[in-house]
Amino acid sequence: MASDDVANLADSLAKTQVDEGELSYKGQGLKLDNAQSVEKMVKAIEEFDGLRALRLEGNTIGVEAAQTIAKALEKKSNLQCCHWSDMFTGRLRAEIPPALVSLGDALITAGTRLKVLDLSDNAFGPDGVKGIEKLLKSTACHTLQELRLNNCGMGIGGGKILAAALTVCHKESSALGAPLQLKVFIAGRNRLENDGATALAQAFQLIGSLEEVHMPQNGINHLGVTALATAMQHNPQLRVLNLNDNTFTKRGAIAMAQALKHLRNVQVINFGDCLVRSEGASAIAETLREGLPILKELNLSFGEITEGAALEVARSVQHKDQFEKLDLNGNSLGEGGCENLREVMKNMNMADKLGSLSDDEGEPEEDEDEEDDDDDDEEEDVEEEEEEEEEEEEEELEEGEEENSELNQFSTPPSAPRTPDVSSFLSFPSPDKLLRLGAKRSFLIQQQVDVSDVSKTVEAFLKISSVYKEDDAEVKSAVLESIDAVLSKAFLTPSFQGLSFMSSLLVMLGLLKSEDKLKPVKVVPGHLQCLEHAVKQSYFPREHITVLNAFMARPNKSLEPCGSARDRLQSTLQKLKPES
């Protein structure tokens, strides 16, 4: 063997991790386009006796390469774990379904009995779910214990296809005397919305063996949450329930609280950023007082919960011996409420179990509770109208798709999302709604906002910036692009009244009293973080920085919940302030 060949083989072996029963190419950044590019991998697979796990994460695999790998897998009957997340980076979406079909068919041919199937972080959309539909229905998945499909862009249509496949898998495995015992289901950031979540809830109810369910950031409101709540009651071994960043409102929260009364093995509940509101939090507290004896973690952050309900929640975990963490950050307690909450936890010898309260939004106005109820009804009515429209469009599409389904195997499913609605986002902003507007979101929002109206321009800025998330790169980018689109259009319009904009913004942030008695918004960190971004842009007038800096330097209760964001903004303003 030539010395170069020996060196290449040594290098290949060094990079390829081989644990007991596992062959791993994880994170190697390989670009595998054709049969030649996977020759070494195929040889390693073929020569690996007793292969039980194959890791392909962090590479990019084309159709021909996938077909060649699949051929090698046809004789690997012992394979149990397919760790195949993030393996289509840079591929056309049309390439992914046939690649998945090839790999899935190989597993079926081999007679594998899978335990783990991880296809997370592959943006394959509904068509990708069609690519694994046959595999999920087959005997290869009758033994499946973990299904991980995080951040795959499944959408409503993909959620329905997935639910139907899991239902078939359970029914056929049950008929053979060994029903599907799925334990872990992960599908965050998939825009499942109510219809997708409801379809999956029906499958979950049938399966009944779930121990962990993770479905954060899916645009689900109280209708879908209620369906999931019903399903969870039928999964008595449930340990972890993560529905972070969906929209419960009190109706969904109360439904979930009722469902949790039927469960005794839950250890982790994450309903953060779910807008559970005070009534929902009180209902959850009641459930905690009566049940969930081995609960370890509870996250009810950023839910517009007021002091009284927060104290109820705190007291409800007092006698839970295994309890480790309570997260009530970002709610509406006020300075006094935060101190009272800390005191209650201290008196229960649980002070170390309480998470940070640094992002508390302050006490609500006296009439705000009533307004919240009205907002619930109005928001839910809007959402239900949107769902009815979506259902009508889906029915029309389904009629046309039935005739063509055999001819066009990988066509977009009938329940593809309808045209995004900027008005809906600006009326009831959420990160998911912003992302659903697609690549042209900043242009669409810019066109919608009438910059000749200063108050509407300020309102748009505050609505968009309210969904800013520092730790979510996709949402952060979408927010800042949209902010730039609106403000650049405004400040670069000759007739735009810049000083009036600044006055109105200061009023809405609670930094300046209004002659018209306008009610300020609840200031959240996103408002100040987006403002910090804006002042650094070329479109932002330098003369406004001095004004803004003067007001930000004054003590003000409205900004107290946003300490770190305020400090960063002040620091930036100081650096940018024109020299006198």
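Residues numbered from 1 in each chain as written. Predicted model: local features only at pLDDT ≥ 70, side-chain atom pairs only at ≥ 80, totals over all residues. Heavy atoms only, no water.

Student: Looking at this model, I keep getting lost on the pattern of salt bridges. Mind explaining?
Tutor: It is possible for side chains bearing opposite charge to pair when their charged atoms get close. Counted under the stated rule, the structure contains 25 salt bridges. Residues Lys43 and Glu47 are paired through a salt bridge, measuring 2.6 Å at the closest nitrogen-oxygen approach. Of this pair, Lys43 and Glu47 both sit in helix H2 (residues 39–47), four residues apart, which is roughly one turn of the helix. By relative accessible area, Lys43 is classed as partly exposed at 46%. When its relative accessible area of 53% is taken as the criterion, Glu47 is described as exposed. Of the charged contacts in the structure, one is a salt bridge between Lys134 and Asp105, with a shortest N-O distance of 3.3 Å. In this pair, Lys134 sits in helix H5 (residues 125–137) while Asp105 sits in helix H4 (residues 96–110), placing the two residues 29 residues apart along the sequence. Overall, the relative accessible area of 54% leaves Lys134 in the exposed class. Take Asp105: its relative accessible area is 27%, and that puts it in the partly exposed class. What emerges from the salt-bridge pattern is a single network uniting Lys31, Asp33, Arg91 and Glu95. (Salt bridge = Lys/Arg side-chain N within 4 Å of Asp/Glu carboxyl O. Helix = DSSP H or I, 4+ residues; strand = E, 2+ residues; numbered from the N terminus. Buried < 20%, exposed > 50% of the residue type's maximum accessible area, 1.4 Å probe, protein only.)

Student: Can you help me understand the packing of helix H19 (residues 498–508) against helix H21 (residues 542–552) in this one?
Tutor: Axes are the key here: two packed helices are described by the angle between their axes and the distance separating the axes. Between H19 and H21, the least distance of the axes is 11 Å, while the angle of their chain directions is 15°. In terms of orientation, H19 and H21 fall into the roughly parallel class. In the crossing of H19 with H21, the sense of the turn from one axis to the other is right-handed. The segment H19 lies against H21, with Gly498, Leu499, Met502 and Leu506 engaging His544, Val547, Leu548 and Phe551. (Axes fitted to C-alpha atoms, helices over the stretch in contact; angles between N-to-C directions. Parallel < 35°, antiparallel > 145°, perpendicular 65-115°, else oblique. Left-handed = near helix turned anticlockwise from the far one by under 90°. Contact = heavy atoms within 4.5 Å.)

Student: Could you clarify how one ought to interpret the packing of aromatic side chains in this entry?
Tutor: The geometry of an aromatic ring pair comes down to the distance between the two centres and the angle between the two planes. Going through the model one piece at a time under the given rule, you end up with six aromatic pairs. Seen in terms of ring centroids, Phe248 and Phe271 are 4.8 Å apart; in terms of plane orientation they differ by 50°. Their pairing is tilted. On the criterion of sequence distance, the pair formed by Phe248 in the loop between strand E11 (240–242) and helix H9 (249–260) and Phe271 in the loop between strand E12 (268–270) and helix H10 (277–290) is long-range, its members being 23 residues apart. Judged by relative accessible area, which is 1%, Phe271 ranks as buried. Aromatic rings pair up to connect Phe491, Phe496, Phe501 and Phe540 into one cluster. (Phe/Tyr/Trp six-rings, centres within 6.5 Å; stacked < 30°, edge-to-face > 60°.)

Student: Help me out: how do you make sense of the nonpolar core in this one?
Tutor: Generally speaking, nonpolar side chains in soluble globular proteins are found buried as a group. Formed by 116 residues in total, the largest nonpolar core has its most connected members in Leu73, Trp84, Leu147, Leu162, Phe185, Met215 and Phe271. Residues Leu487, Cys530, Ala534 and Val535 belong to the second largest nonpolar core, which totals 51 residues. (Core = buried A, V, L, I, M, F, W, Y, C linked by side-chain atoms within 4.5 Å.)

Student: Would you mind going over the side chain of His142 with me for this structure?
Tutor: Its location among the elements puts His142 in the loop between H5 and strand E8 (146–148). On the basis of relative accessible area, His142 is assigned to the buried category, the value being 11%. The residues contacting His142, other than those within four sequence positions of it, are Lys137, Cys169, Glu172, Ser173, Leu176, Ala178 and Leu180.

None of the figures reported here should be taken as evidence of function without further support.
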